[in-house]
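Residue-level structure breakdown
The primary structure of each chain is shown beneath.
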Amino acid sequence: MRRLPVNLILGATLVALVAGMALVSLVWTPHPHALMNIGARFAPASDVHWLGTDQLGRDVVSQLMVGARNSMAVAFIAVLIGASLGVTLGLLASALGGWIEDFVMRIADIGFAFPTLLFAIMLTAVFGPSLNIAIAAIAFINIPVFARVARASANQIWTRDFVMAARAAGQSRFAISRDHILPNIAAPVIVQMTIEFAVAILAEAALSYLGLGAQPPSPSWGRMLSEAQTLMYLAPQLAIYPGLCIVVAVLGFSLLGDGLRDVTDPRLVRNRA
Amino acid sequence: MISITARALLTAAAVAALVPAVADAQGRIAIGMQQEPTSLDPTSDATAAINVMLTQNVYEGLTTVDQSGAVQPQLARSWEISEDGLTYRFHLHEGVTFHDGTPMTAADVVFSFDRARAEDSTSPRRATFQPIESIAALDDHTVEIVLSRPDAFFLFDLAQGPAVIVGEASVETNAQRPVGTGAFRFDSWTRGDRLRLVKNADHRNADAVALDAVEFRFIAEPAAASAALLAEELDAFPGFPAPELVPQFEADPRFDVRISSTEGEVILAMNNAKEPFTDIRVRRAVSHALNRGEIIDGAMYGYAIPIGSFYPPHGPAHVDLTDRYPHDPDQARALLEEAGVAGASLTMRLPPFPYAQRSGEIIQAQLGAAGLDVRIESVEWGFWLEEVFRNKNYDFTIIAHTSPNDLGNFARGPDYFYGYEDEEFVALWDAIRTETDDETRLEMLRQGQRHITEQAVHGFLFQLPAIGIFRTGVEGFWESQPVLQLPLTEVSVN
């Protein structure tokens, strides 16, 4: 068996770390994450509070763990929605071709032109800030990304012999898309999903930093960062820990995505060899 | 790559050291503002920042208030009050012009006040003008105002933003291009960034004004505010929003930190017109759920004085009512259960001010401990004004009331965003306004505070401190804040 690329192993390790934190927080955190104890704020790291407490005396470890859960949940749901809709559109465009394909892809181009943050701010102005709005914004921005990936990959598959055979056998375009095209474009789509995960985690952190994502008391790395900003003089560690978590998560998913592409994309395998 | 970057940085630092900051130039000052208003017209919008920047500087009233809170002449150089306290005769300064060149005469006073008390008036404080029975220009520089009943606060109220004198020619555009008679004229407003004033050389006291240009910079983010001060882009930040950074500035010899009290009562407002707050047991439960010590420590880093009612602790009629509803989650829970709303889900809409945002998170936890499930929504200031203040579409909000003598808010009836209707208090407030004996009025003010606290109309939190951070050498700002105005006529930068 071929040796796995280093970035895949490193990425998977970091992702497992963050995902582990998130999963454990479902059943256990060292302290209730929202429990305030203003008398014990800015406590240094100790046996009781492993990374100390924040400006309201809440346990930092517990907050980071629940923050990981929120980040992962937002990224997962948003990317899943974006990927489902995007891949469906891409497959449709590829299957139908002609003016429909052009139309769908031009719409996707327009979608690309929307910056995630500005789009989220617009949604917030209309619906008020909440985590759901953040998810909707990130999901929406993901649709054109996946539409492009799916269409480009599908167009290649459509020229293959087995697809020709299926068409000759009288199978409909939709059935071919479902039975033959979709399984064959799964690899690039999954790679793209992993990479978009990193983007989504970053976007969620940015939105929460701006107060447009998770609302208190639901902890979020982005909001922890923004709250720690004026405390840099008093307690710099409060900005460092969530910042580190974001770095680990984003780096982990990016590396994992790269690694997955390396092992699944035959062209890259050939080039490297 | 690294060495090139390092050299570039060193060069940049050397250049920066050679070029003095713009703010250092004599006669110019850059002032940080936390809040940016959506309009620049104090006669139609109660936003505090309008009064801070413009009242006394660009706009002037008949009277003004000095830093001790005493009424002083401004556009009126003197006045006489009849024996019965009903007729006021104001003598105006002569030769005053608006910034657009039109002369300011008695007719403008009549116009301004008639506009403010008209049926369709947009005045944010109509109560000021409500006692006026008639107003007439006796000649170009004399105005006579007849009241229907004595009003102890009349001269004081005339010094406030809603009572400034505006010109008929410019009134429609004041919201974007304010035109007044003050020592500074409006220069430009770049929304989201800055507002510039320049000295009005035609002003009657122009010789005494040291500043040639004033730049207000809107910086909502505490971290950005602190960075701008440290980079010496700002000379002053009179309403500094981050108490946790005070020790840092106190330790820095480049800055003076001045902390004073303000007229700003910070309250956890409850929508009294809406379920479940129509039930006094619920409002009392909320009062019992609050732990002011924790809120002040956690949100204000100890820099605030708790209040138990709606009156500033430094005022002459203050009574300490902070013990009326001691912090007791169990009692709060019991009251909520009695009222049948235990476990109810409510929304707290918070304006974008650090005191509100930070208090909100702590209060959310405290109400949670008493069995109320509160969801926080942080909203923009424009949204807050529209949805919370005008449309009364909220359960809880947190807001500082920075107007002086604003206990009368509770007499404003169900149309005000409190949604609070109380005929007994309306009668009491009418009596307070018309009482001319100081001691009797103070006693009635004490009674009013007790009444409001007894009704637990809102959760009363703390008096907003004014944390001012000034570059050393910036002098002449007010030392205390009897009204939320920032007169710049005596300010100098050395």
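Residues numbered from 1 in each chain as written. Chains lettered and ligands numbered in written order. Predicted model: local features only at pLDDT ≥ 70, side-chain atom pairs only at ≥ 80, totals over all residues. Heavy atoms only, no water.

1. Thoughts on helix 5 (residues 222-230) of chain B
Residue and element names in this part refer to chain B. For the record, the criterion: To sort residues, take the accessible area from a 1.4 Å probe on protein chains only and compare it with the maximum for the residue type: under 20% means buried, over 50% means exposed, and anything in between is partly exposed. For helices the rule is a DSSP run of H or I covering at least 4 residues; for strands it is a run of E covering at least 2, with both sets numbered from the N terminus onward. Here, residues are in contact when the closest pair of their heavy atoms is within 4.5 Å.
Among all positions in helix 5, only Pro222, Ala223, Ala225, Ser226, Ala228 and Leu229 are buried. Contact partners of the buried residues in helix 5: strand 11 (236-237), helix 6 (246-250), strand 12 (255-270), helix 10 (354-369) and strand 17 (459-471). The positive-phi residue at the C-terminal boundary of helix 5 is Glu232, with phi of around 60 degrees.

2. A closer look at the pattern of salt bridges
What counts, and what does not: A pairing counts as a salt bridge when a side-chain nitrogen of Lys or Arg comes within 4 Å of a carboxyl oxygen of Asp or Glu.
Taken as a whole and judged by the stated rule, the model has 39 salt bridges over all chains. Among the ionic pairs, Arg223(A) bridges to Glu227(A), the shortest N-O distance being 3.1 Å. Of this pair, Arg223(A) and Glu227(A) are both found in helix 8 (residues 221-228), four residues apart, which corresponds to roughly one turn of the helix. The partly exposed category is assigned to Glu227(A), whose relative accessible area is 22%. Put simply, Glu233(B) and Arg217(B) hold a salt bridge, and the shortest N to O gap is 3.6 Å. Of this pair, Glu233(B) sits in the loop between helix 5 and strand 11 while Arg217(B) is found in strand 10 (residues 213-218), placing the two residues 16 residues apart along the sequence. Look at Glu233(B) and you get partly exposed, because its relative accessible area is 41%. The network of salt bridges with shared partners includes Asp54(A), Arg58(A), Arg223(A), Glu227(A) and Glu361(B).

3. Regarding helix 10 of chain B
All names here are of chain B. In plain terms, the rule: Every helix has an expected span of 1.5 Å times one less than the residues it contains.
Over its 16 residues, helix 10 runs 23 Å from end to end, which matches the ideal 22 Å to within 8%, given 1.5 Å per residue. Restricting attention to buried positions, one finds in helix 10 the residues Pro354, Tyr355, Ala356, Ser359, Gly360, Glu361, Ile362, Ile363, Gln364, Gln366 and Leu367. Just beyond helix 10, the residue with positive phi is Gly371, at close to 100 degrees.

4. Things to note about the confidence of the model for chain B
Note the threshold: Each residue carries a pLDDT score, the predictor's own confidence in it, on a scale running from 0 to 100.
Put simply, chain B has an average pLDDT of 90, and 95% of its residues get 70 or more. Among the scores for the predicted complex, ipTM is 0.71 and pTM is 0.78.

5. Digging into unusual backbone geometry
All names here are of chain B. Look at the link from Glu275 to Pro276: it is a cis peptide, with omega at 0 degrees. Its place among the elements puts Pro276 in the loop between strand 12 and helix 7 (280-289). The backbone of Gln56 sits at a positive phi, close to 80 degrees, despite the residue not being glycine. Take Gln56: it is sitting in the loop between helix 2 (48-54) and strand 2 (63-65). By relative accessible area, Gln56 is classed as buried at 10%. Positive phi values are uncommon outside glycine, yet Tyr301 reaches one of about 50 degrees.

6. Section: the domain arrangement of chain B
Residues and elements named next belong to chain B. We apply this condition: Residue ranges for the domains trace back to a domain assignment, done automatically or taken from a database. Two parts lose some accessible area (1.4 Å probe) when they are put together, and adding that loss for both gives the buried area. Contacts described as polar in this section are N or O atom pairs within 3.5 Å, which, within protein, must combine one atom able to donate a hydrogen with one able to accept it, while residues neighboring in sequence count only if both atoms come from side chains.
According to the domain assignment, chain B contains domain 1 (4-57 + 174-261 + 466-493), domain 2 (63-173) and domain 3 (264-464). Domain 2 and domain 3 are separated by 32 Å when their C-alpha centres are compared. Counting from both sides, the interface comprises twelve residues of domain 2 and, opposite them, 14 residues of domain 3. Interface area for domain 2 against domain 3, summed over the two sides, is near 1100 Å², with a carbon-plus-sulfur share of 51%. For domain 2, the biggest contributors to the area lost against domain 3 are Arg125, Ala152 and Phe153; these three give 51% of the whole. Between the two partners, domain 2 and domain 3, sit two salt bridges. In this structure, Arg433 engages Asp157 in a salt bridge whose closest nitrogen and oxygen atoms are separated by 3.1 Å. Inspection of the domain 2/domain 3 interface yields four residue pairs in polar contact (both at pLDDT 80 or more).

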